[in-house]
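A look at the structure
Read off the chains here:
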Amino acid sequence: MTILVKGAGVAGLTAAFALARRGHSVTLLDPKSPGMGASHYAGGMLAPWCEGETAPAAVVEAGEHAIDWWEEALPGLVERKGTLVVAPPRDQSELERFARRTSRHVWLDEAGIAELEPALAGRFRRGLFFRDEAHLDPRKALAGLVDALTSMDVKILTEADERAFSHIIDCTGRAAIQPGSQLRGVRGEMLYLRTSDVTLSRPVRLLHPRIPLYVVPRGEGRFMVGATMIESEHDGPISARSLMELLNAAYTLHPAFGEAEVIETGTGIRPAYADNIPRITGEGRHLAINGMYRHGFLMAPALAEELAARLQAVPQRRSATA
Amino acid sequence: MLTLYGTELSSRLLLGTARYPSPAIMEAAIRASGTGIVTVSLRRETAGGGRGGQFFETIRALGVHVLPNTAGCHTAKEAVLTARMARDLFATDWVKLEVIGHHDTLQPDVFALVEAARELCADGFKVFPYTTADLVVAEKLLEAGCGVLMPWASPIGSARGLVDPASLISMRAHFPDVPLIVDAGLGRPSHAAQAMELGYDAVLLNTAVAGAADPIAMARAFAAAIDAGHEGCRAGLLEPRDMAVPSTPVIGKAVFA
């Protein structure tokens, strides 16, 4: 079996990794550099229980295993520090609502929040702590997978002839959004701040009825702030309004973010199905993984493993595998 | 039958399309509600992507009337521009006119609202203005050419219900022949029933359904409450009174106590 994986975002890289690890002959194809699509702008939160606020149970279940998968695939990259969820005083009812809709959290008081994140001491009376959640730096994770694939002799090409392969796995994400594909694009905007005045150890979510926001520490004083959700396939630069809202929310989390440098802004188009659940489609030698929505790093491992198991199960092809 | 700008509608619910967990759930909730009109928020940047992408295709495919809104606009000029974009995008001259005056309460800027309504009505739009329960503003909107008025119940998304029923009652009394729709601030089916009992023609909702744990069931619940309130109003409600009124005659019966 010779497998061509098209698309080197989080879906394609994890699929290639899962297949190569089982000894398949895998080639990865992407006209751009690996990891430069929507995955490049991901938050990297491995937060299945927080996502359970709006995500269906299937996402929470599959997401539970993502933390261990990433830890095993790329040792040392996953930070198991949990997620902290807070809300400004006037939006306390949002916190109650969030707690009702999610599981595996504990309530923290002011002292509890200060113990976890000293920088936020005295700023919030109550918070929710999702102890079992984790996060990673998506750009390091994508680069780590590229290195791992290279060491497993996976070729990464910018063009290839599909006829030379027995199986084609389409992980092209946004590029597959076509009329009739059932996919749509959901625009996301994010930015990076840099300041040495605030230190956070874990992703912090700030609930707000209009603009729920998260701030993820990336080390060396860098923080990723995200992310908008707009039903559009337009990938132009971040709008002034979105920029203002993200910055406002960061400022609400901690006023010191007001003095931070804006070192990067970005826009990505998340491919999604109507139910926002990613899936494997196709049959025979043409399969596809798509619709990662806002759950790429959370859902890609489960889909990659499911795909690998499916290809493993094809009896007449088994002899071709190493 | 509810008639808005000459269009007859069997449902008295107008439902928003924002903030559902997924488009699939949105679609199911819209169908469950039985609504004939959905509102669609049109951010300028959405229009920057041409026809607005697959999400708008989903909405077009629902087969219900689309009422584009100018949510998020803070000036009359911005609202007029957005309304014109919406007309092109959805091929409709209906527009829910919303001009926000205050970022935190999302209270309408009624001055800019009247200004934008004048311009849009003159341009042939059928304007559904999101306004306060102020009677003078309402008169100016009618003068401008609006054929429907949509007063708020309480701030958008607040789920507080009818915070000032007295104003809504006097609005109904002042404009007996104008279709009046309570827009914004409803949180529970009972709020919708209350608005309908006051004699309102319809209600417009979004967050109360989209933000519910089960939006589809909540859509059904609101539809039932709206029917109940409307029927109750038509059936003639009793006025509250201070003393008890026995429901069975007591005269002539034996008294055991």
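Since we're looking at a predicted model, the values are computed, not measured.

Take the nonpolar core next. Residues Leu97(B), Val203(B) and Leu205(B) are the most contacted members of the largest nonpolar core, which totals 63 residues. The element that contributes the greatest number of residues to this core is helix 5 (residues 110-122) of chain B, accounting for eight residues. Excluding its chain neighbours within four sequence positions, the residues that come into contact with Val203(B) are Arg12(B), Leu13(B), Leu14(B), Ile181(B), Val182(B), Leu186(B), Ala192(B), Ala195(B), Met196(B) and Ile226(B). Among the nonpolar cores identified, the runner-up in size contains 52 residues, and Ala15(A), Val146(A), Ala148(A) and Cys171(A) belong to it.

Okay, the sheet that holds strand 10 (residues 184-194) of chain A next. Residues and elements named next belong to chain A. The sheet built from eight strands is open, its strands ordered 5-6-4-11-12-13-10-14 with mixed pairing. With partners counted over all chains shown, the strands left at the sheet margins are strand 5 (106-109) and strand 14 (261-272), one partner each. Between one strand and the next, the sheet's axes are offset by a mean angle of 25 degrees, whatever the strand orientation. Looking at chain direction, strand 11 (residues 204-206) and strand 12 (residues 213-219) are connected through three bridges and run antiparallel. When the bridges of strand 12 are listed, Val 204 appears paired with Val 215.

We now examine the confidence of the model for chain A. Close inspection of predicted coordinates is inappropriate for parts of the model with low pLDDT. Chain-level statistics for chain A give a pLDDT mean of 92 and a share of 97% at 70 or above. Note on residues 316-322 of chain A: pLDDT is under 50 here. Beyond four places in sequence and across chains, it has nine contacts.

Three- or four-residue spacings in an α-helix give side chains the same orientation, since the helix completes a turn every 3.6 residues. Residue and element names in this part refer to chain B. Restricting attention to buried positions, one finds in helix 8 (residues 189-197) the residues His 191, Ala 192, Ala 193, Ala 195 and Met 196. Of the surrounding elements, those touching the buried residues of helix 8 are strand 9 (181-183), strand 10 (202-205) and helix 10 (215-235). A positive backbone phi angle near 95 degrees is found at Gly 199, which sits one or two residues after helix 8.

All names here are of chain A. Sheet architecture is open: six strands sit in the order 8-2-1-9-16-15, paired in mixed fashion. Edge positions in the sheet fall to strand 8 (155-157) and strand 15 (279-283), since each has one partner strand and no second. Strand-to-strand twist in this sheet, taken as the mean axis angle between neighbours without regard to direction, amounts to 20 degrees. Pairing geometry for strand 1 (residues 2-6) and strand 9 (residues 167-170), over four bridges, is parallel. Paired with Lys 6 across the two strands is Asp 170, which belongs to strand 9. Of the strands in this sheet, strand 1, strand 2 (25-29) and strand 16 (286-290) touch helix 1 (residues 10-21), which is tilted by about 165 degrees from strand 2.

With that out of the way, let us pick up the domain arrangement of chain A. Put simply, an interface is often sized by how much accessible area is lost when its parts join up. All names here are of chain A. Assigned domains of chain A: these are domain 1 (2-72 + 136-180 + 274-312) and domain 2 (83-131 + 184-272). Computed over C-alpha atoms, the centres of domain 1 and domain 2 are 26 Å apart. Here domain 1 meets domain 2 over a buried area of about 2500 Å², counting both sides, of which 57% is carbon and sulfur. The interface formed by domain 1 and domain 2 holds five salt bridges in total. Residue Arg 174 is joined to Asp 235 by a salt bridge in which the shortest nitrogen-to-oxygen separation is 3.0 Å. At the surface where domain 1 touches domain 2, the tally comes to 12 residue pairs in polar contact (both at pLDDT 80 or more). A per-element tally of the side of domain 1 that touches domain 2 places helix 2 (residues 48-51) first, with three residues. Grouping the constituent residues of the side of domain 1 that touches domain 2 by class yields 13 nonpolar, eight polar and seven charged.

It is worth spelling out the pattern of salt bridges at this point. Taken as a whole, this structure holds 33 salt bridges over all chains when the rule is applied. Put simply, Glu264(A) and Arg139(A) hold a salt bridge, and the shortest N to O gap is 2.8 Å. Here Glu264(A), found in strand 14, pairs with Arg139(A), found in helix 7 (residues 138-151); they are 125 residues apart in sequence, far enough to count as distant. Residue Arg139(A) is classed as partly exposed on the basis of its relative accessible area of 23%. Glu98(B) is the partner of Lys96(B) in a salt bridge, and the nearest nitrogen-oxygen pair spans 3.5 Å. Take Lys96(B): its relative accessible area is 6%, and that puts it in the buried class. It is possible to trace a salt-bridge network through shared partners that takes in Arg21(A), Arg22(A), Glu72(A) and Glu305(A).

Time to look at the packing of helix 1 of chain A against helix 4 (residues 66-73) of chain A. Residues and elements named next belong to chain A. Following both chains from N to C, one finds helix 1 and helix 4 inclined at 65 degrees, their axes separated by 13 Å at the closest point. Relative to helix 4, helix 1 is oriented roughly perpendicular. The two elements helix 1 and helix 4 meet at a crossing, and its hand is left-handed. Across the interface between the two elements, Val 10, Thr 14, Phe 17 and Arg 21 from helix 1 touch Trp 69, Trp 70, Glu 72 and Ala 73 from helix 4. Of the residues that constitute the contact of helix 1 with helix 4, the class distribution is five nonpolar, one polar and two charged.

Residues and elements named next belong to chain A. Tracing the backbone shows Arg 218 in strand 12. Notably, Arg 218 is buried but unbridged: the nearest opposite-charge side chain belongs to Asp 137, and the N-O separation is 4.0 Å. Beyond its immediate sequence surroundings of up to four residues, Arg 218 is in contact with Ala 42, Gly 43, Gly 44, Leu 136, Asp 137, Pro 138, Tyr 192 and Met 224.

The next subject is the packing of helix 8 of chain B against helix 10 of chain B. All names here are of chain B. For the pair helix 8 and helix 10, the least separation of the axes is 7 Å and the interaxial angle reads 25 degrees. As summarised for this structure, helix 8 and helix 10 are arranged roughly parallel, according to the angle between their axes. The handedness of the crossing between helix 8 and helix 10 comes out as right-handed. Across from Pro 189, Ala 192, Ala 193, Met 196 and Glu 197 in helix 8, the residues of helix 10 making contact are Met 218, Ala 221, Phe 222, Ala 225, Ile 226, Gly 229, His 230 and Cys 233.

Let us look at the interface of chain A and chain B. Counting from both sides, the interface comprises 24 residues of chain A and, opposite them, 23 residues of chain B. Roughly 1900 Å² is buried in total at the junction of chain A and chain B, and carbon and sulfur atoms are behind 46% of that figure. Inspection of the chain A/chain B interface yields one salt bridge. The closest approach of N and O atoms between Arg241(A) and Glu78(B), which form a salt bridge, is 3.6 Å. Counting residues per element, the ones that place at least two in the side of chain A that touches chain B are helix 5 (92-101), strand 10 and helix 8 (240-253) of chain A. Ranked by the residues each element gives to the side of chain A that touches chain B, the list is headed by strand 10 of chain A, at three residues. Considered class by class, the residues forming the side of chain A that touches chain B number seven nonpolar, six polar and 11 charged.

What counts and what doesn't
- Residues numbered from 1 in each chain as written.
- Chains lettered and ligands numbered in written order.
- Predicted model: local features only at pLDDT ≥ 70, side-chain atom pairs only at ≥ 80, totals over all residues.
- Heavy atoms only, no water.
- Core = buried A, V, L, I, M, F, W, Y, C linked by side-chain atoms within 4.5 Å.
- Buried < 20%, exposed > 50% of the residue type's maximum accessible area, 1.4 Å probe, protein only.
- Helix = DSSP H or I, 4+ residues; strand = E, 2+ residues; numbered from the N terminus.
- Contact = heavy atoms within 4.5 Å.
- Pairing = 2+ DSSP bridges.
- Axes fitted to C-alpha atoms, helices over the stretch in contact; angles between N-to-C directions.
- pLDDT = per-residue confidence, 0-100.
- Domains from an automatic or database assignment.
- Buried area = accessible area lost by both parts, 1.4 Å probe.
- Salt bridge = Lys/Arg side-chain N within 4 Å of Asp/Glu carboxyl O.
- Polar contact = N/O pair within 3.5 Å; in protein donor to acceptor, adjacent residues only side chain to side chain.
- Nonpolar A, V, L, I, M, F, W, Y, C, P; charged D, E, K, R; others polar.
- Parallel < 35°, antiparallel > 145°, perpendicular 65-115°, else oblique.
- Left-handed = near helix turned anticlockwise from the far one by under 90°.
- Lys, Arg positive; Asp, Glu negative; His and termini not counted.

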